[in-house]
Structure formats: C-alpha cells, structure tokens
Amino acid sequence: MMTVRTAQTLTRSLAFCGAILATTVGIAHAATAAADHDLDYWQALSHTHYIERGSKGPIVYDFLDPNCPYCHQIYTWLQNPINGGLLRVRFVVVGFLTQSSKGKAAAILAATDPLAALKQTENGFTMTKAGPEGGINPASAGVTAKMQDRLQFNKSRLQGKEFQIAGAPVVSVPFLVYRNGKTIHYIFGLPDNAQWRDLLNAS
C-alpha cells in the first residue's frame, strides 16, 4: 500500500508532469465517461495481451503505460478492491508515453512472470526531474521488437475506441473499461467519486 508521504509526493508531482504529458499524449486530468452497447468491443478486449489480478468480482480492463503517473495512481487505488475480492482487473499494457515506455512495456509482457514484472514497475514508480518513471528497466531492442505485435494490438484496442467515442486525435491513458449488464462503460483519466462507486458496483 502506498504510504501517505508517497501519496503526497505523487500528488504534488502530478501537476508538474501533467502539463508536459497532456501536450504530447492527451492525458485527461478530469475523468470523462461514456457508455454504449458495443459488446463486440468488450469481447475483443478478451483477446488483448492483458495481465489479470483478482479472482472475484466484475472484470475491469485498465489500459496503462509503465511511465504514466495517472495510471500508477489508478493502479494503487485498485489494489484494495482487488485484494478484497471486489474486482478482477485486466491490465492492458501499452508503451507510447515517453522514450522508455515501449521498452518497459515490452519487458513486462516478455517476462516469465508478467504480473511480477508489472508489480515491480508500479512498486518502483518514481517521479524524477526528467519525468515519471516506472520501476522496471526497458527490454533490449531485440525483445522489444519481438513484443511489437502485442504492443501494437493492445494500442489498437485503445486508440480505436477512444476515437470512436470522443474523436480523440491522439491516444490517451489511463482508460478504464467495464461492463454493467449489457452496457459497456468507459472512463478517460482519473475516475471521480461517482464513477468509482459505479465501477465498484458493476455486475
């Protein structure tokens, strides 16, 4: 669990990094939400190269970049409901945010234990003078090339839906997708309190 001091440091740092990141990849500062009945898209998400945590509760897909501070914040928030058996989260790793993002995403997906690699990335997340950095080292160029198809497929599921819903000209993270009945819900950026409650109460 993230300590209070770490949480305060992350909160202070988000304002600094957010201005830079928003100009390059369109990261949302305030969450926006949408919903539709695109069950085909929901089914397509099951073919992404995701990393699952949790064994009970509704499924949530969480698109994240290893170097995204907002993704890291959501990852931290999700730990309690996962550990409490309230959610099953499928983390869909993409790598486009910074120069080292693709290599780090490739390292996670290519790991013998991708979940352990994801935990290493998030547990070692830091805010540096150069920007946010996940705690895993980038994979070699050869490994990154081998993971290119997986990374591109994950990104295509993100990019296509964001463009369809919001006409987003660029890809943005975080992006959460969950299902409540026959309705598919989408959250761009950090969920507000109402969206968080709705996500936890999904079925």
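Look a little higher up for the structure.
Computed from a prediction, not measured in an experiment: that's the story for all the values here.

Caption draft 1: Molecular detail of the overall build of the protein chain. Across its full length, the protein chain carries eight helices and eight strands. For the protein chain, buried positions account for 47% of its 203 residues. Put simply, of all contacts in the protein chain between residues at least 6 apart along the chain, 74% involve residues at least 24 apart. Carbon and sulfur atoms make up 53% of the accessible area of the protein chain, which totals about 9,600 Å².

Caption draft 2: Seen up close, helix α3 (residues 69–83). Spanning 15 residues, α3 covers 22 Å between terminal C-alpha atoms, matching the ideal 21 Å at 1.5 Å per step. The largest bend along α3 measures about 25° and falls at W77, with the proline P81 one to four residues further on. The buried fraction of α3 is high, at 12 of 15 residues. Following α3 by one or two positions, G85 adopts a phi angle in the positive range, close to 75°.

Caption draft 3: Molecular detail of the pairing of strand β4 (residues 88–93). With five of its six residues buried, β4 lies for the most part within the structure. Pairing of strand β2 (residues 50–53) with β4, which is carried by four bridges, proceeds in the antiparallel orientation. Each bridged residue has a counterpart across the sheet, and for Y50 the counterpart in β4 is V92. In the sheet, strand β3 (residues 59–64) pairs with β4 via six bridges, with the strands oriented parallel.

Caption draft 4: Local environment of the pattern of salt bridges. As enumerated under the stated definition, the model contains four salt bridges in all. Where K161 meets D38, a salt bridge forms, and the shortest distance between an N and an O atom there is 2.8 Å. With K161 in helix α7 (residues 148–166) and D38 in the loop between β1 (32–36) and α2 (39–45), this residue pair connects regions lying 123 residues apart in the sequence. By relative accessible area, K161 is classed as buried at 2%. A salt bridge links E133 to K104, with the nearest nitrogen and oxygen atoms 2.4 Å apart. Taken as a pair, E133 in strand β6 (residues 131–133) and K104 in helix α4 (residues 101–110) lie far apart in primary sequence, 29 residues in all. Bridged by salt links that share partners, the residues D36, D38 and K161 form one connected network.

Cut-offs and rules
- Residues numbered from 1 in each chain as written.
- Predicted model: local features only at pLDDT ≥ 70, side-chain atom pairs only at ≥ 80, totals over all residues.
- Heavy atoms only, no water.
- Helix = DSSP H or I, 4+ residues; strand = E, 2+ residues; numbered from the N terminus.
- Buried < 20%, exposed > 50% of the residue type's maximum accessible area, 1.4 Å probe, protein only.
- Contact = heavy atoms within 4.5 Å.
- Areas by Shrake-Rupley, 256 points an atom, 1.4 Å probe, with all protein chains shown as cover.
- Expected span 1.5 Å × (residues − 1).
- Bend = angle between axes of the 7 residues up to and from the residue.
- Pairing = 2+ DSSP bridges.
- Salt bridge = Lys/Arg side-chain N within 4 Å of Asp/Glu carboxyl O.

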